[in-house]
Each structure stands twice: as structure tokens, then as C-alpha cells.
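Each chain, letter by letter, is given below.
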Amino acid sequence: MLVNAAILIISAAVFFKRAVVVTEIQQAHVLLAPLLGASVASAVFALALICSGQSSTLTGALDEVLC
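So, how was this worked out
Residues numbered from 1 in each chain as written. Predicted model: local features only at pLDDT ≥ 70, side-chain atom pairs only at ≥ 80, totals over all residues. Heavy atoms only, no water. Helix = DSSP H or I, 4+ residues; strand = E, 2+ residues; numbered from the N terminus. Rg over C-alpha atoms; globule rule 2.2 N^0.38 Å. Areas by Shrake-Rupley, 256 points an atom, 1.4 Å probe, with all protein chains shown as cover. Buried < 20%, exposed > 50% of the residue type's maximum accessible area, 1.4 Å probe, protein only. Contact = heavy atoms within 4.5 Å. pLDDT = per-residue confidence, 0-100. Core = buried A, V, L, I, M, F, W, Y, C linked by side-chain atoms within 4.5 Å. Patch = residues over 30% accessible without salt bridge, like charges linked within 9 Å, V, L, I, M, F, W, Y side chains within 5 Å. Salt bridge = Lys/Arg side-chain N within 4 Å of Asp/Glu carboxyl O.

J.: Explain the overall build of the protein chain to me, using residue names and the numbers behind them.
T.: Secondary structure summary: the protein chain contains 3 helices and 0 strands in total. Each helix (α) and strand (β) of the protein chain, taken in turn from the N terminus, gives the series α-α-α. Scaling as 2.2 N^0.38, a compact globule of 67 residues should have a C-alpha radius of gyration of about 11 Å, whereas the protein chain reaches 14 Å, well beyond that. Taking the principal axes of the C-alpha coordinates as reference, the protein chain spans close to 45 × 20 × 15 Å. When the accessible surface of the protein chain is split by element, carbon and sulfur atoms take 73% of a total near 5,100 Å².

As C-alpha cells, then:
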């Protein structure tokens with residue numbers, strides 16, 4: 001939950017500050033490139049998706065173990 005919240009907060013801060021409207025996740029990646037630089041935007045987006053996936057996997061695994 002914290003990883004997903006961080007992704008939302010950072011994205012909202014970057015896009016809101018520049019008055020950019022985002023409706024899809026694919027659009028977010030494309031719009032981050034000119035705002036943060038192509039290499040930084042790609043790295044940030046990839047890291048955020050990996051962390052989100054790992055937190056989801058960990059939550060599912062712990063749910064199976066504890067139940």
C-alpha cells in the first residue's frame with residue numbers, strides 16, 4: 001500500500017505542479033519524459049512498477065501463509 005501511495009503522490013506532485021491531466025498509466029510514462037528527462041523518467045517508472053508488483057506479491061504470499 002505504501003509503494004502504491006508513493007507512486008500516486010509523486011505522480012500527482014509532478015503532474016499537478018505543471019497542470020498536466022493524466023487519464024491512463026501509459027500516458028503517465030510518456031508525459032514524465034519531458035518533465036523529468038527521458039532516462040530519469042524511464043528509471044523512475046520502471047522502479048515504481050517493480051516495487052508495486054513486489055509489494056503485491058508479498059501481500060499475496062503473506063496472506064497465503066497466515067491463513
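After that view of the structure, there is still more to cover.
J.: Could you give an account of the environment of Val-14, naming the residues involved and the relevant values?
T.: As for its position among the elements, Val-14 is in helix 1 (residues 2–17). Note on Val-14: relative accessible area 13%, which makes it buried. Remark: the alpha-carbon pair of Val-14 and Leu-32, spanning 18 residues in sequence, is separated by 8.3 Å. Setting aside anything within four residues of it in sequence, one finds Val-14 in contact with Leu-32 and Leu-35.

J.: Give me the lowdown on the confidence of the model for the protein chain, citing residues and values where you can.
T.: Of all residues in the protein chain, 93% have pLDDT values of 70 or greater, and the mean over the chain is 76. Highest mean pLDDT in the protein chain belongs to helix 3 (residues 38–66) (78); lowest belongs to helix 2 (residues 25–36) (73).

J.: With reference to specific residues and values, describe the nonpolar core.
T.: Among the nonpolar cores identified, the biggest contains 5 residues, and these are Val-14, Phe-15, Ala-28, Leu-32 and Phe-45. Among the elements of the structure, helix 1 and helix 2 are those that each provide at least two residues to this core.

J.: Hey, could you go over a nonpolar patch on the surface for me, with residue numbers and the actual values?
T.: The grouping of Leu-58, Leu-62, Val-65 and Leu-66 at the surface amounts to a nonpolar patch, some 440 Å² of accessible area in total. Among the secondary structure elements, Leu-58 is positioned in helix 3.

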